[in-house]
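Chain by chain, the residues run as shown.
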Amino acid sequence: MGVRGKTPTLANAGDARMPELLHNAQVATLEGPDYGLVRDAAVAVDAGRIAWVGPAADVPAAFAGWARRDLQGRLVTPAFIDCHTHIVFGGSRAREFEMRLQGASYEEIARAGGGILSTVAATREASEAGLLAAALPRVDAFLTEGVTTIEVKSGYGLDVEAELKMLRAARRIASERPVRVRTTFLGAHACPPEFAGRPDDYLAEVCLPALDAAHEEGLVDAVDGFCEGIAFSPEQIARVFDRARELGLPVKLHAEQLSHQGGTALAARYGALSADHVEYATEEDAAAMAASGTVAVLLPGAYYTLHETQAPPIAAFRAHGVKMALATDCNPGTSPMTSLLLAMNMGCTLFRLTPEEALRGVTEHAARALGLSDCGRIAVGLRADLAVWDVAEPAELAWRIGFNPLRERIFGGVA
């Protein structure tokens, strides 16, 4: 899909393609240090997979007769993966943007019935078709920046049927656009007004039954929760994680965003795929995450929007070898952002990531945060999900602000 072209439908994008050799390219394989960069490289693509990658001078004779496409020296990277979004929702929260600028805090807005709860009301009113239609323009924005995999969370319904409606709409995205969708159940996102002051009753009567129903319908790839003073305690989240474990579903967690509640340690104990936000995570949390293989998903869009000053402990994550992913956290209230390129720049400027860490954060480590092992790098046998960029060096992807250099997006071997 070219940047200026019309977004193709999945049917159009899924047509069979002959084996092809992409050559005269700079390829950031992410296999090894320094971006795994191979200069004057070639990539062989067959049946939607990487058949070979390496220096153009070393192309095996077996590929000599394949159709060749000259990329004219452009950079090729793994396609982008957004591993944390809330793109299915109803309504708008632009008014809260004004309120925050006038001095209202995230907690004050939430306790006054705004925040998540205002989106809950609009999402409950919307139809499944309406939620899908509203989400597709956001999806299209992602596709124009080379994204081929998007995680989508529920959590704005907070009753059984509305949570299922959100997850069904999220699943339908992949039938409308050439993109891979991973759905995450986030019933433990907030306590709805009808259960005000009764979070344990909400978990027992709504959240856990909704999880069971969503799993029965095949709508869930992972289970998430919001562990925070304005949401749920570690003990309450543990009940949700226990049910996820019974169902054989992996878990992840919004943890340590606004304060230190012990959510990151809880996530590590459950072997979570990721702990997300983690601004208030500690050195001990980093050590626990490293031991469990839990990815730290950094969300600079929310940090920026909320005017936060407590940055994630990047030095501790590096010291302990914690993998760091980057995502948009696209949501109507605290991160209305649909640009992973901007997230990369924010990760570097706000959190002091290196450009290579940022690129790995939206590819290799984002895949890990979703439990995916068939994408995120350019290596033999992996999916041919690629992005071709009009740049000379990989660092340019994180350096620019408000500029999209995507030349071509390749999804399962199909441009």
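- By the naming in an unreviewed UniProt entry, the protein goes by Imidazolonepropionase and is assigned to Lutibaculum baratangense AMV1.
- In its Function (unreviewed entry) section, the UniProt entry covering the protein states "Catalyzes the hydrolytic cleavage of the carbon-nitrogen bond in imidazolone-5-propanoate to yield N-formimidoyl-L-glutamate. It is the third step in the universal histidine degradation pathway."
- The annotation that UniProt attaches to the protein under Subcellular location (unreviewed entry) is "Cytoplasm".

1. Remarks on the pairing of strand β5 (residues 75-78)
Phase 1 of the analysis: Both strand β1 (residues 20-28) and β5 contribute to a ladder of two bridges, which runs parallel. Residue V27 lies in a different strand from β5, and its bridge partner there is V76.
Phase 2 of the analysis: Two strands pair when backbone bridges link them, and β5 and strand β14 (residues 386-389) are joined in this way by four bridges, in the antiparallel orientation. Bridge pairing links T77 to A387 in β14.

2. Points about the packing of helix α6 (residues 160-176) against helix α7 (residues 199-216)
Phase 1 of the analysis: The geometry of α6 relative to α7 is characterised by a closest axis approach of 9 Å and an angle of 40° between their N-to-C directions. Classified by the interaxial angle, the pair formed by α6 and α7 is oblique. Here the hand of the crossing between α6 and α7 comes out right-handed. Side by side, α6 and α7 meet where V160, E163, L164 and L167 of the first sit next to V206, A210, A213 and A214 of the second.
Phase 2 of the analysis: In the contact of α6 with α7, the residues fall into seven nonpolar, no polar and one charged.

3. Some remarks on α6
Phase 1 of the analysis: For α6, which comprises 17 residues, the first-to-last C-alpha distance of 25 Å matches the rise-based estimate of 24 Å (1.5 Å per residue) to within 8%.
Phase 2 of the analysis: All of the buried residues in α6 are A162, E163, L164, K165, M166, L167, A169, A170 and I173.
Phase 3 of the analysis: At its buried positions, α6 is contacted by α4 (116-125), α5 (128-143), β7 (147-153), β8 (180-188) and α7.

4. Quick word on the sheet that holds β8
Phase 1 of the analysis: Strands sit in the order β6-β7-β8-β9-β10-β11-β12-β13 across an open sheet of eight strands; the sheet is parallel. The open sheet terminates on both sides in strands that have one partner only, identified here as β6 (80-82) and β13 (324-326). Adjacent strand axes in the sheet meet at a mean angle of 25°, parallel and antiparallel pairs treated alike.
Phase 2 of the analysis: Relative to β7, β6 runs parallel, the two being bridged by three bridges. Opposite D82, over in β7, you have I150 as the bridge partner.
Phase 3 of the analysis: Lying on the sheet, α6 is in contact with β7 and β8; it crosses β8 at an angle near 170°.
Phase 4 of the analysis: The strands that α7 touches are β8 and β9 (222-227); relative to β8, the one it contacts most, it runs at about 165°.

5. Here we look at α4
Phase 1 of the analysis: I116, T119, V120 and T123 are the residues of α4 that are buried. Relative to the axis of α4, the buried residues are bounded by an arc of 110° and lie together on one face.
Phase 2 of the analysis: Of the surrounding elements, those touching the buried residues of α4 are α3 (106-111), α5, α6 and β9.

6. Quick notes on the layout of surface pockets
Phase 1 of the analysis: Quantified by volume, the largest pocket comes out at close to 400 Å³.
Phase 2 of the analysis: Together, 20 residues line the largest pocket, and A110, L117, A190, C191 and I230 are the ones closest to its centre.
Phase 3 of the analysis: Sorting the residues of the lining of the largest pocket by element identifies α3 and α4 as the ones contributing at least two each.
Phase 4 of the analysis: If you tally residues by element for the lining of the largest pocket, the top one is α3, at three residues.
Phase 5 of the analysis: In terms of residue class, the lining of the largest pocket is built from 13 nonpolar, five polar and two charged.

7. Overview of the nonpolar core
Phase 1 of the analysis: With 99 residues, the main nonpolar core has V88, I173, L298, F317 and M344 as its most contacted residues.
Phase 2 of the analysis: Of the residues forming this core, the biggest block, eight residues, is contributed by α7.
Phase 3 of the analysis: Among the domains, domain 1 (20-78 + 377-410) and domain 2 (80-370) are the pair contributing at least three residues each to this core.
Phase 4 of the analysis: V43, V76, A384 and L386 belong to the second-largest nonpolar core, a separate cluster that totals 15 residues.

8. Section: the domain arrangement of the protein
Phase 1 of the analysis: Domain parsing of the protein yields domain 1 (20-78 + 377-410) and domain 2 (80-370).
Phase 2 of the analysis: Centre-to-centre separation of domain 1 and domain 2, based on C-alpha positions: 31 Å.
Phase 3 of the analysis: Across the contact, 26 residues belong to domain 1 and 21 residues belong to domain 2.
Phase 4 of the analysis: Between domain 1 and domain 2, roughly 1,800 Å² of surface is buried when both sides are summed, and carbon and sulfur atoms account for 61% of that area.

9. Details of the UniProt feature "binding site: N-formimidoyl-L-glutamate" (unreviewed entry) in the protein
Phase 1 of the analysis: The UniProt record annotates "binding site: N-formimidoyl-L-glutamate" (unreviewed entry) at Y156, N331 and G333. Across 178 residues in sequence, these annotated residues keep their C-alpha atoms within 11.6 Å of one another, forming a single compact spot. Lining residues of the largest cavity drawn from the annotated set just named are Y156 and N331.
Phase 2 of the analysis: Inspection of the secondary structure puts N331 in the loop between β13 and α13 (340-351).
Phase 3 of the analysis: Filtering out sequence-adjacent residues up to four positions away, N331 remains in contact with H86, F89, Y156 and P336.
Phase 4 of the analysis: Looking at N331, its side chain comes within polar contact range of the main-chain nitrogen of T334, at 2.7 Å.

10. So, the side chain of T334
Phase 1 of the analysis: Its place among the elements puts T334 in the loop between β13 and α13.
Phase 2 of the analysis: In contact with T334, not counting residues within four places along its chain, are Y106, G301, A302, T305, L306 and D329.

Cut-offs applied
- Residues numbered from 1 in each chain as written.
- Predicted model: local features only at pLDDT ≥ 70, side-chain atom pairs only at ≥ 80, totals over all residues.
- Heavy atoms only, no water.
- UniProt positions renumbered as here; feature names shortened; annotations may be inferred.
- Pairing = 2+ DSSP bridges.
- Helix = DSSP H or I, 4+ residues; strand = E, 2+ residues; numbered from the N terminus.
- Axes fitted to C-alpha atoms, helices over the stretch in contact; angles between N-to-C directions.
- Parallel < 35°, antiparallel > 145°, perpendicular 65-115°, else oblique.
- Left-handed = near helix turned anticlockwise from the far one by under 90°.
- Contact = heavy atoms within 4.5 Å.
- Nonpolar A, V, L, I, M, F, W, Y, C, P; charged D, E, K, R; others polar.
- Expected span 1.5 Å × (residues − 1).
- Buried < 20%, exposed > 50% of the residue type's maximum accessible area, 1.4 Å probe, protein only.
- Arc of directions from axis to C-beta.
- 1 Å grid on protein atoms, 1.4 Å probe; cavity = no way out; pocket = protein on both sides within 12 Å on 5 of 7 lines; lining within 4 Å.
- Points joined across faces, edges and corners; volume = space filled by probe spheres on them.
- Core = buried A, V, L, I, M, F, W, Y, C linked by side-chain atoms within 4.5 Å.
- Domains from an automatic or database assignment.
- Buried area = accessible area lost by both parts, 1.4 Å probe.
- Polar contact = N/O pair within 3.5 Å; in protein donor to acceptor, adjacent residues only side chain to side chain.

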